[in-house]
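Here is how the chains run, residue by residue.
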Amino acid sequence: MRTRIALDTDVAMGAPGSDIDDGFAIALAAADPDIQLELITTVAGNTDVRSASALALNLLQRLDRAVPVVQGAAGPLMDPWRACATTVADTGPGPAPGRAAVAIADLVLDNPGQITLVAIGPLTNIATAMLLEPRVAAAAQRIVIMGGYFFGHQNDVRVPGEFNVWADPEAARIVLGSGADLSFVGLDVTYRVRMSQEQAASLARSQGAFGAYAGRCALGWIDILRERYPHSKEHGSFALHDPLAVAAVTRPQLLQWQDAHVEVALDGVARGITIADTLGTRGAPAANCRIASGVDAPAFLDHLMTTISAC
Ligand SMILES: [Ca+2]
């Protein structure tokens, strides 16, 4: 039986100079024969929410797929001025009527125990759905989140945490405290799954129209990263953060998992950092999620490249 999912995304693929991994995640969710993609919701993050909606619709058109796209939060719960402002021109039809948090709550509550939520942007919409309808947490089959950095930290004082959690730490705290079945795919594993320049070039030559487009976007993104981070040791490749979370839905065996009690720092210089208690020592709080601690990178890349090149 196919896994029914709703995908919440801050997609920016298609906007000049923007991060592209949400686009790969949408394509993987649309093309994986084991996934039934029922809803896409958009959230401010890597781009503003109106652009994310327009770009999601554009990608679905390229993928020749009809999936409802419902627009969501324009900014995080507590400090909306953090929202990005990379507005791209709106083209074609707009998103479906309604708001993301309501659409998520309705889909989950109408199908209790059957919908997997996959969150690959800041957690604003998921948290808002839980605030509207606390039953969402128990009614969702599970929630798979690209977010967090549990065994390391970013060497960037402006963004010390993983972006999705950092961008809306209050939302992350609400989700972590919800009691939902939570799986976090964080930077510990996503930094290890990288598309090389050679793989991007090979994708750009693929038969599928979307695969060729995605390959060209990937080559452009590799160039942008080279300019933006001249001191990086990872030149010539980029991390496939979001698609790894989608792959984790139907292929959890690609990753190693461990239970953890995770909390999010909300104050001071550590705002947005996740702290994972993995020891389970006597008296420690009980685990509230599982976190990915290892990944079979070649097997994931094989799954991704095979699926996307045929799109
Ligand atoms: Ca994303």
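Refer to the preceding data block for the structure.
Note that this is a predicted model, so its numbers are computed, not measured. (Residues numbered from 1 in each chain as written. Predicted model: local features only at pLDDT ≥ 70, side-chain atom pairs only at ≥ 80, totals over all residues. Heavy atoms only, no water.)

**Q** Tell me about the overall build of the protein chain, and please be specific about residues and values.
**A** Looking only at helices and strands, the protein chain features twelve helices and eleven strands. Relative to the 2.2 N^0.38 estimate, which gives 19 Å for 311 residues, the radius of gyration of the protein chain is 18 Å and therefore close to what a compact globule would have. Looking at the 311 residues of the protein chain, the share that counts as buried comes to 58%. Sequence separation of at least 24 residues holds for 80% of the intrachain contacts in the protein chain that already meet a minimum separation of 6. Summing over all exposed atoms, the protein chain offers an accessible surface of approximately 13,100 Å²; the carbon and sulfur share of this is 53%. The average position of the 22 basic charges and that of the 32 acidic charges among the side chains of the protein chain differ by 2 Å. (Helix = DSSP H or I, 4+ residues; strand = E, 2+ residues; numbered from the N terminus. Rg over C-alpha atoms; globule rule 2.2 N^0.38 Å. Buried < 20%, exposed > 50% of the residue type's maximum accessible area, 1.4 Å probe, protein only. Contact = heavy atoms within 4.5 Å. Areas by Shrake-Rupley, 256 points an atom, 1.4 Å probe, with all protein chains shown as cover. Lys, Arg positive; Asp, Glu negative; His and termini not counted. Charge placed at Lys NZ, Arg CZ, Asp CG, Glu CD.)

**Q** Got a sec to walk through the packing of aromatic side chains? Specific residues and values, please.
**A** For the structure on display, the rule yields five aromatic pairs. Between Tyr149 and Tyr191 the ring centres are 6.0 Å apart and the planes differ by 70°, which places this aromatic pair in the edge-to-face class. Here Tyr149 is found in the loop between strand E5 (142-146) and helix H6 (163-167), whereas its partner Tyr191 is found in the loop between helix H8 (187-190) and strand E7 (194-196), with 42 residues between them in sequence. Judged by its relative accessible area of 16%, Tyr149 falls in the buried class. With centroids separated by 5.9 Å and ring planes inclined at 80°, the aromatic side chains of Phe150 and Phe184 adopt a geometry described as edge-to-face. Here Phe150, found in the loop between E5 and H6, pairs with Phe184, found in strand E6 (residues 182-185); they are 34 residues apart in sequence, far enough to count as distant. Like Phe184, Phe150 is buried. The ring of Tyr213 carries the charged tip of Arg62 above its face, separated from the ring centre by 3.6 Å. (Phe/Tyr/Trp six-rings, centres within 6.5 Å; stacked < 30°, edge-to-face > 60°. Lys NZ or Arg CZ within 6 Å of the ring centre and 35° of its normal.)

**Q** I'd love a proper account of the coordination of the calcium ion, names of residues and values included.
**A** For the calcium ion, every protein donor is listed as Asp10 (OD), Asp22 (OD), Asp22 (OD), Ile120 (O) and Asp242 (OD), and the spread of their distances is 2.2 to 2.6 Å. Read from N- to C-terminus, the donor residues coordinating the calcium ion fall into the pattern D-x11-D-x97-I-x121-D. Of this pair, Asp22 sits in helix H1 (residues 21-31) while Ile120 sits in the loop between strand E4 (115-119) and helix H4 (124-132), placing them 98 residues apart in sequence. For the pair formed by Asp22 and Ile120, the shared burial category is buried. (Donors = N, O, S within 2.8 Å, 3.2 Å for Na, K, Ca; no water.)

**Q** Which residues make up the sheet that holds E4, and what are the values?
**A** Within the open sheet, the nine strands sit side by side as E3-E2-E1-E4-E5-E6-E11-E9-E10. Their pairing is mixed. Strand pairing shows two members of the sheet lacking a second neighbour, strand E3 (69-71) and strand E10 (274-277), which therefore form its edges. Here the strands of the sheet are splayed against their neighbours by 30° on average, with no regard to which way each runs. In the sheet, strand E9 (residues 255-264) pairs with strand E11 (residues 289-295) via six bridges, with the strands oriented antiparallel. When the bridges of E11 are listed, Asp259 appears paired with Arg290. Running at roughly 175° to E3, helix H2 (residues 49-63) makes contact with strand E1 (3-9), strand E2 (35-42) and E3 of the sheet. Docked against the sheet, helix H7 (residues 169-176) engages E5, E6, E9 and E11, running at close to 110° with respect to E9. (Pairing = 2+ DSSP bridges. Axes fitted to C-alpha atoms, helices over the stretch in contact; angles between N-to-C directions.)

**Q** Lay out the pattern of salt bridges with the relevant residues and their values.
**A** All chains considered together, the criterion is met by eight salt bridges. Of the charged contacts, one joins Arg271 and Glu170 as a salt bridge, the two residues approaching to 2.9 Å between their closest N and O atoms. Residue Arg271 is located in the loop between E9 and E10, and its partner Glu170 is located in helix H7; the two are separated by 101 residues in the primary sequence. Residue Arg271 shares its accessibility class with Glu170, and that shared class is buried. When the shortest N-O distance is used, the salt bridge between Asp181 and Arg290 registers 3.0 Å. On the criterion of sequence distance, the pair formed by Asp181 in the loop between H7 and E6 and Arg290 in strand E11 is long-range, its members being 109 residues apart. You can call Arg290 partly exposed: its relative accessible area is 26%. What you see here is one network of salt bridges that share partners, running through Asp32, Asp34 and Arg251. (Salt bridge = Lys/Arg side-chain N within 4 Å of Asp/Glu carboxyl O.)

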